[in-house]
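Chain residues, written in single-letter form:
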Amino acid sequence: MSSPSKRREMDLMKLMMTDYKVETINDGMQEFYVEFHGPKESPYQGGVWRIRVELPDAYPYKSPSIGFVNKIYHPNVDEMSGSVCLDVINQTWSPMFDLVNVFEVFLPQLLLYPNPSDPLNGEAAALMMRDRSAYEQRVKEYCEKYAKPEDAGVAGEEKSSDEELTEDEYASSDDEIAGKVDP
């Protein structure tokens, strides 16, 4: 096992041991989702986002790719793709940083201190510079509309694993698996 893959594995395990809910994609260590809560005492407080993280082969020497899955209103996050414009992650990343830093420091700082002079969402940046209270109201509206726990996949997942099939569904799923009986 090469050093970058050991580090990737170690950083992911370290993140999983925190209070963050982490869900791997395809049981791999390179792509996963993290449940992220908006920072307290900010317009994002109470919001819950599903963050997609992709670790490049060269991680930790190359920064992770970070994106919001559910919508967020922020000057430095593309509203359609969820891509994050974050200098520390995109330009000043260092192998000294790890995944816990991303979720405990970088993303909260991004939400607490948006940079409207380097926007991915021009409308949010313009509103923030023109009318801060209207901007904060729009952020709260987006949180209420798009960033509830169920929007981040939190409640829906638990419910689906506990649901039971009805007798009809159970029978039909058996037929699909086994196929039709030959006469």
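Positions within a chain are numbered from 1, following the residues in the order the chain's sequence is written. Per-residue local features are limited, in this predicted model, to residues with pLDDT of at least 70; the limit for side-chain atom pairs, both in listing and counting, is 80 or more; totals at the level of whole chains, interfaces and linings are taken over all residues. For side-chain calculations, the full set of non-hydrogen atoms in the structure is used, while hydrogens and water are omitted.

### A few points about the overall build of the chain
Here is step 1 of the chain: Of the regular secondary structure elements, the chain holds 7 helices and 4 strands.
Here is step 2 of the chain: Only DSSP runs of H or I covering at least 4 residues are called helices, and only runs of E covering at least 2 are called strands; the numbering of each starts at the N terminus. Secondary structure elements of the chain, listed N to C terminal, follow the sequence α-β-β-β-β-α-α-α-α-α-α.
Here is step 3 of the chain: Here the chain holds 183 residues, and 40% of them are scored as buried.
Here is step 4 of the chain: Whether two residues are in contact is decided by their heavy atoms, any of which lying within 4.5 Å being enough. Long-range contacts, defined as pairs at least 24 residues apart, comprise 55% of the intrachain contacts of the chain with a sequence gap of at least 6.
Here is step 5 of the chain: Just so you have it, the chain exposes about 11,000 Å², and 50% of that area is on carbon and sulfur atoms. Burial classes follow relative accessibility: with a 1.4 Å probe on protein chains only, a residue under 20% of its type's maximum area counts as buried, one over 50% as exposed, and anything between as partly exposed. Shrake-Rupley sampling with a 1.4 Å probe provides the accessible areas, and residues are treated as covered by the protein chains on show and by no other component.

### Brief notes about the side chain of Arg8
Here is step 1 of the chain: Tracing the backbone shows Arg8 in helix H1 (residues 3-16).
Here is step 2 of the chain: It turns out Arg8 is buried and unbridged, and the closest side chain with the opposite charge, Asp57, is 5.0 Å from it. Here Asp and Glu are counted as negative and Lys and Arg as positive; His is not counted, and neither are the chain ends. A carboxyl oxygen of Asp or Glu within 4 Å of a side-chain nitrogen of Lys or Arg is what we treat as a salt bridge.

### Some details on the UniProt feature "active site" (unreviewed entry) in the chain
Here is step 1 of the chain: The sites that UniProt annotates as "active site" (unreviewed entry) are Cys85.
Here is step 2 of the chain: With respect to the helices and strands, the residue Cys85 is situated in the loop between strand E4 (65-68) and helix H2 (87-90). UniProt positions are given in the numbering used here, feature names are shortened, and annotations may be inferred rather than shown by experiment.

### Here's the deal with helix H3 (residues 99-112)
Here is step 1 of the chain: Take the number of residues in a helix, subtract one, and multiply by 1.5 Å to get its expected span. Given a rise of 1.5 Å per residue, 14 residues ought to cover 20 Å, and the 19 Å separating the end C-alpha atoms of H3 matches this to within 8%.
Here is step 2 of the chain: Along H3, the sharpest change in direction is near 30 degrees and occurs at Phe106; proline Pro108 comes one to four residues later.
Here is step 3 of the chain: Among all positions of H3, only Leu99, Val100, Val102, Phe103, Phe106, Leu107, Pro108, Leu110 and Leu111 are buried. Fitting one axis to the seven residues ending at a residue and another to the seven starting there, the bend at that residue is the angle between the two axes.

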